[in-house]
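# An overview of the molecular structure
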Amino acid sequence: MRESPNPDTGLALRAGPVHLQLREILPGNPSRGLAATHHFEIMLDDGTVVGHINLRIGSARHLIMTVGHIGYAIRPEHRGHSYSYHACLALAPFARQHYDRVILTVDPDNTPSIRIIEKLGAVFVEEVVVLEDDPAYANGARRKKRYEWVPRSRAAG
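All values derive from a computational prediction rather than experimental measurement.

### Quick word on the sheet that holds strand E2 (residues 18-26)
An order of E1-E2-E3-E4-E5 is seen for the 5 strands of this open sheet, with the pairing classed as antiparallel. Each of the sheet's edge strands pairs with one partner strand only, and the pair in question is strand E1 (14-15) and strand E5 (70-74). Pairing of strand E4 (residues 49-57) with E5, which is carried by 5 bridges, proceeds in the antiparallel orientation. Residue pairing across strands places Leu 55 opposite Ile 70, the latter belonging to E5.

This is the structure we're talking about:
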């Protein structure tokens, strides 16, 4: 199936079994350190939504140290198929329009996400403590592993 470009990105964002559909652009809240976010659904060819992936635009401490430029989630019933990995690859051309390198973060005990990040070829930077004034702290985040990834094109398929 050949995807037509997303109207807001001008790109057909596809890799492996998934394609991305831009659903909304959230403006962020700079006074709280929250970045503008492009929110995409991760979809299969039959239209099934298996999760979402976000690209955050900015350089606030919260983004760089805690949540990263890219965040994703796969619905529990669709986990175990590398959809997060393929979604990151599909997002790469759009991410490159904004950044040469992106920060990916993960909770230290989230082994499946760490495997995805390492499979992408991201390089471990450091593990940091989430500061009490960071918005993620109120949601229970205490430590984050930070990785740097250079988004590149990979063959779709």
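### Structural notes on helix H2 (residues 83-96)
Taking 1.5 Å of rise per residue, the 14 residues of H2 would be expected to cover 20 Å, and the 20 Å separating its terminal C-alpha atoms lies within 8% of that figure. Along H2, the helix axis deviates most sharply at Ala 90, where the bend reaches about 35°; the proline Pro 93 sits within four residues downstream. With respect to burial, H2 is a largely interior element, 12 of its 14 residues being buried. Taken together, the buried positions of H2 are occupied by Tyr 83, Ser 84, Tyr 85, His 86, Ala 87, Cys 88, Leu 89, Ala 90, Leu 91, Ala 92, Phe 94 and Ala 95.

### Quick word on the environment of His 39
The residue His 39 is located in strand E3 (residues 36-43) in this model. If near-sequence neighbours (up to four positions away) are discounted, His 39 is found in contact with Gln 21, Leu 22, Arg 23, Glu 24, His 52, Ile 53 and Asn 54. At 2.6 Å, the side chain of His 39 forms a polar contact with the side chain of Asn 54.

### What about the sheet that holds strand E8 (residues 143-149)?
Sheet strands pair by backbone hydrogen bonding; their relative direction is either parallel or antiparallel. Ordered by their spatial adjacency, 3 strands build an open sheet running E6-E8-E7, and the pairing between neighbours is antiparallel. Unpaired on one side and paired on the other, strand E6 (102-106) and strand E7 (123-129) mark the two borders of the sheet. Each adjacent strand pair in this sheet contributes to an overall mean axis angle of 30°, direction not counted. For E7 and E8, the ladder comprises 6 bridges, and the chain directions are antiparallel. For Val 123, the partnering residue across the bridge sits in E8 and is Glu 148. Sheet strands touched by helix H3 (residues 111-119): E6 and E8. Its angle to E6, the strand with the most contacts, is close to 155°.

### A word on the pattern of salt bridges
Going through the model one piece at a time under the given rule, you end up with 7 salt bridges. The closest approach of N and O atoms between Asp 107 and Lys 144, which form a salt bridge, is 2.8 Å. You can see Asp 107 sitting in the loop between E6 and H3 and its partner Lys 144 sitting in strand E8, a full 37 residues away along the chain. Its salt-bridge partner being Glu 126, residue Arg 146 comes within 2.6 Å of it at the nearest N-O pair. With Arg 146 in strand E8 and Glu 126 in strand E7, this residue pair connects regions lying 20 residues apart in the sequence.

Criteria and thresholds
Residues numbered from 1 in each chain as written. Predicted model: local features only at pLDDT ≥ 70, side-chain atom pairs only at ≥ 80, totals over all residues. Heavy atoms only, no water. Pairing = 2+ DSSP bridges. Helix = DSSP H or I, 4+ residues; strand = E, 2+ residues; numbered from the N terminus. Expected span 1.5 Å × (residues − 1). Bend = angle between axes of the 7 residues up to and from the residue. Buried < 20%, exposed > 50% of the residue type's maximum accessible area, 1.4 Å probe, protein only. Contact = heavy atoms within 4.5 Å. Polar contact = N/O pair within 3.5 Å; in protein donor to acceptor, adjacent residues only side chain to side chain. Axes fitted to C-alpha atoms, helices over the stretch in contact; angles between N-to-C directions. Salt bridge = Lys/Arg side-chain N within 4 Å of Asp/Glu carboxyl O.

Distances and angles like these do not, on their own, reveal function.
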